[in-house]
Amino acid sequence: MILRRLSVALLILASGLYYPSMAQTKKKTPAPTTPATREEKDLLGTKQIPYDAYYGVQTARALENFQISGVKTNFYPDYVKAFAIVKLAAARANNETGRLSNEKLAAIEKACLAVMDGKYHEDFLVDLYQGGAGTSANMNANEVLANIALELSGHKKGEYQFIEPHDDLNMGQSTNDSYPTAIHIALILHNDKLIQELGLLSAALHAKGEEFKSVVKMGRTEGQDAVPMTVGQEFHAFGGQLDAAIAALKQLETYLYEVNMGATAIGTGITATPGYDVKCAAQLAKITGKPIRKSENLIAATSSMQAFVLYSAGLKNLAITLSKLNSDLIFLASGPRTGIFEINLPALQPGSSIMPGKINPVMPELMNQVCFKAIGNDVTVAMASQDGLLQLNAYEPVVAVSIMETQALFTRTVPAFTKQCIQGITVNKDVCQHYIERSVGIVTALNPVLGYEKTTELAKEALETNKGILELIREKKLLTEDQIKQLLDPATVTGQK
């Protein structure tokens, strides 16, 4: 009997190695359940906030009130990073004036640096379209950074007696200075990326200019034959136009360097410590590596949208430049049998669900659509900027949305356009030569040799007989083949000799 009981006990113990439910196990005390929510309050009352959320009560209200576009603050990482930069600069400046303790600064610095490093972005959730001149976006940043700082300091989220969103993260600030400054910083950060991509596009255009520098073609004005040039000159001109647009963007970025931190509500600096404004601008310059400076007139800077209007105009200028370039490419590649067809664009996909063999200029068409959107966004910026009342413009959110959208669209589209269009362009030399042979416009290049009167007669006869100028010259033996060759040398006809 004893042996039987021992055998059963061993069997049960062994089976527990594979089937724990069959084994005799000691019951464990269940871990305390994490609460689902925490309670926070504001002037409208109390509200339950998800326990694990880094945002707080004012963000929660914004999430209820502004479910508009579905595009949240964290859609633009540079925007989130910019908020962290502004709050970090403000905290350091407040510490320098003796208002913020070293302990709180250390916690806030850790939080801001973490967000600048790309962490915690998932809690920057306020819709980009919002009322209140950006108050919800600013409070979203204040609440998230405060709770990150609390957690990294060993406290629980919502224990605002240690670090408070208003008193500490928004110290010496108002939405009316921190919000536009964050937009300035975000645009500056993204402008660097945009200019980098535009520089690569410019290099690709100039590379094609070098590749095609010996191919002579007819230039056109008003869609009509003009005088000879090279395909290389045409592409270098495209690159030159883009270079000018890039230079304008760099110049117009400088207007974003002036910020109104320290203005607080309307520019009078109420609640800010004396000297904080200059110190905050200096910290922003140090963090970004850009020459950020305090505005000379904080009241003017708080009510004016001039920097946004000017920078947006630079993006519009870029859009117009790129759209003209793309329309030219579409025209030059038109055909292949009944159009200009001087160049070939890369074939990326079938162009029709009904017409076999059709290939469309999809990348120039895509870029043009982005350009049209950018021009429309600039109109929005202009309308919103002119409609602010007195000491503040309540429509800054739509200005921010419009400019950031344009930047992002260009930054994402330009690399694809460079790689999938410009770098793959080839030239149809025979087509270009055919147009040179047939064009009446080539007669201008013969003026120095044959004289204006004679070349006018040739042009008239060519038009009447549908013959080419060179064909008539050969028939009339006006020039030898060597002379014709010399006159049509790329360096000669393009004014490079």
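Keep in mind that what you see is a predicted model, and the values were worked out from it rather than measured.

The rules behind the values
- Residues numbered from 1 in each chain as written.
- Predicted model: local features only at pLDDT ≥ 70, side-chain atom pairs only at ≥ 80, totals over all residues.
- Heavy atoms only, no water.
- Pairing = 2+ DSSP bridges.
- Helix = DSSP H or I, 4+ residues; strand = E, 2+ residues; numbered from the N terminus.
- Expected span 1.5 Å × (residues − 1).
- Buried < 20%, exposed > 50% of the residue type's maximum accessible area, 1.4 Å probe, protein only.
- Arc of directions from axis to C-beta.
- Contact = heavy atoms within 4.5 Å.
- Phe/Tyr/Trp six-rings, centres within 6.5 Å; stacked < 30°, edge-to-face > 60°.
- Lys NZ or Arg CZ within 6 Å of the ring centre and 35° of its normal.
- Salt bridge = Lys/Arg side-chain N within 4 Å of Asp/Glu carboxyl O.
- Disulfide = S-S within 2.5 Å.
- Core = buried A, V, L, I, M, F, W, Y, C linked by side-chain atoms within 4.5 Å.
- Axes fitted to C-alpha atoms, helices over the stretch in contact; angles between N-to-C directions.
- Parallel < 35°, antiparallel > 145°, perpendicular 65-115°, else oblique.
- Left-handed = near helix turned anticlockwise from the far one by under 90°.
- Nonpolar A, V, L, I, M, F, W, Y, C, P; charged D, E, K, R; others polar.
- pLDDT = per-residue confidence, 0-100.

Caption draft 1: Up close: the pairing of strand 4 (residues 224-230). Here strand 3 (residues 216-221) runs beside strand 4; their pairing, made up of 5 bridges, is antiparallel. Paired with Thr221 across the two strands is Gln224, which belongs to strand 4. Linking two consecutive strands that pair antiparallel, namely strand 3 and strand 4, is a turn of 2 residues; a positive phi of about 55 degrees is found at Glu222 within it.

Caption draft 2: Quick look at helix 9 (residues 276-288). Taking 1.5 Å per residue, 13 residues should reach 18 Å; helix 9 reaches 18 Å between its end C-alpha atoms and fits that length. Within helix 9, the full set of buried residues consists of Tyr276, Asp277, Cys280, Ala281, Gln283 and Leu284. All buried residues of helix 9 fall inside an arc of 160 degrees around its axis, so they share one side. Those residues of helix 9 that are exposed and angled more than 90 degrees off the buried face are Val278 and Lys286. Against the buried residues of helix 9 lie helix 3 (77-96), helix 7 (175-211), strand 5 (258-259), strand 6 (293-294) and helix 10 (298-303). At the exit of helix 9 stands Gly289, carrying a positive phi of roughly 75 degrees.

Caption draft 3: Region of the structure containing the packing of aromatic side chains. Across all of its chains, the model carries 6 aromatic pairs by this definition. Aromatic side chains Tyr54 and Tyr120 sit 5.1 Å apart centroid to centroid with 75 degrees between the ring planes, which places their arrangement in the edge-to-face category. Within this pair, whereas Tyr54 is found in the loop between strand 2 (45-50) and helix 2 (57-65), its partner Tyr120 is found in the loop between helix 4 (102-116) and helix 5 (135-152), the two being separated by 66 residues in sequence. Per residue, the accessibility class of Tyr54 equals that of Tyr120, and both read buried. Aromatic pair Phe75 and Tyr76: ring centres 5.0 Å apart, planes at 90 degrees, arrangement edge-to-face. The positively charged end of Lys157 is found above the aromatic ring belonging to Tyr54, 4.5 Å away from the centroid.

Caption draft 4: Molecular detail of the environment of Ile163. Relative to the helices and strands, Ile163 is located in the loop between helix 5 and helix 6 (165-169). A C-alpha to C-alpha distance of 20 Å links Ile163 and Thr135, two positions 28 residues apart in sequence. Those residues in contact with Ile163 that lie beyond four places of it in its chain are Lys104, Ala107, Ala146, Ala149, Leu150, Asp168 and Leu169.

Caption draft 5: Layout of the pattern of salt bridges. If you walk through the whole model with that rule in mind, you get 24 salt bridges. Put simply, Glu109 and Arg92 hold a salt bridge, and the shortest N to O gap is 2.8 Å. In this pair, Glu109 is assigned in helix 4 and Arg92 in helix 3, connecting sequence segments 17 residues apart. Of the charged contacts in the structure, one is a salt bridge between Arg220 and Glu342, with a shortest N-O distance of 2.8 Å. Of the two residues, Arg220 is situated in strand 3 and Glu342 in the loop between helix 11 (306-332) and strand 7 (343-344); the sequence distance between them amounts to 122 residues. Via salt bridges that share partners, Lys217, Arg220, Glu234 and Glu342 belong to a single interconnected network.

Caption draft 6: Broad picture of the environment of Thr264. Among the structural elements, Thr264 can be located in the loop between strand 5 and helix 9. In this structure, the C-alpha to C-alpha distance between Thr264 and Thr288, residues 24 residues apart in sequence, is 22 Å. Apart from residues no more than four positions distant in its own chain, Thr264 is found in contact with Gly172, Gln173, Ser174, Asn176, Asp177, Gly269, Ile270, Thr271 and Ala272.

Caption draft 7: Structural context of unusual backbone geometry. The omega torsion across Gly335 and Pro336 is 5 degrees, close enough to zero to call that bond cis. Along the chain, Pro336 falls in the loop between helix 11 and strand 7. Residue Phe341 is not a glycine yet carries a positive backbone phi of 55 degrees. In this structure, Phe341 sits in the loop between helix 11 and strand 7.

Caption draft 8: Structural context of the state of the cysteines. Using the criterion set out here, one finds 0 disulfides in the structure. Here Cys371 is not disulfide-linked; the sulfur of Cys421 is the nearest cysteine sulfur, at 12 Å. Given the relative accessible area of 0%, Cys371 is considered buried.

Caption draft 9: The arrangement of the side chain of Asn95 in detail. Relative to the helices and strands, Asn95 is located in helix 3. Once you skip the residues sitting within four places of it in the chain, Asn95 turns out to touch Leu100, Ser101, Asn102 and Leu105.

Caption draft 10: Local environment of the side chain of His190. Topologically, His190 is positioned in helix 7. Excluding residues that lie within four positions of it along the chain, His190 makes contacts with Asp78, Gln407, Ala408 and Thr411.

Caption draft 11: Spatial organisation of the nonpolar core. Of all hydrophobic cores here, the largest spans 110 residues; its most connected members are Tyr79 and Phe410. At 14 residues, the largest contribution of residues to this core is made by helix 7. In contact with Tyr79, other than residues within four places in its own chain, are Thr73, Leu128, Ala137, Tyr179, Ile183, Ala186 and Met404. Ranked by size, the runner-up nonpolar core spans 18 residues in total, among them Ile442, Ala459, Leu472 and Leu479.

Caption draft 12: A look at the packing of helix 2 against helix 5. Viewed as axis vectors pointing N to C, helix 2 and helix 5 meet at an angle of 140 degrees, and their least axial separation amounts to 8 Å. Taken together, helix 2 and helix 5 sit at an angle that is classed as oblique. Between helix 2 and helix 5 lies a crossing of left-handed hand. Two secondary-structure elements touch here, helix 2 through Val57, Gln58, Thr59 and Ala62 and helix 5 through Ser136, Met139, Asn140 and Glu143. Residues of the contact of helix 2 with helix 5, tallied by class, amount to 3 nonpolar, 4 polar and 1 charged.

Caption draft 13: View of the packing of helix 4 against helix 5. Where helix 4 meets helix 5, the axes come as close as 8 Å, and the angle between the chain directions of the two elements is 115 degrees. Seen along the crossing, helix 4 lies across helix 5 with a hand that is right-handed. Residue-level contacts link Ala107, Ile108, Lys110, Ala111, Cys112 and Val115 of helix 4 to Leu145, Ile148, Ala149 and Leu152 of helix 5.

Caption draft 14: Structural detail: the confidence of the model for the protein. Of the residues in the protein, 92% have a pLDDT of 70 or more, and the chain-wide mean is 91. Every residue in residues 1-28 scores below 50 in pLDDT, and together they form 5 contacts with partners more than four places removed in sequence or on other chains.

Caption draft 15: Inspection of the pairing of strand 1 (residues 37-42) at higher detail. Of the pairings in the sheet, the one linking strand 1 to strand 2 comprises 6 bridges and is antiparallel in character. In the sheet register, Asp42 faces strand 2, and the bridge partner there is Gly45. Taking the residues that link successive antiparallel strands as the turn, the strand 1-strand 2 hairpin has 2 residues.

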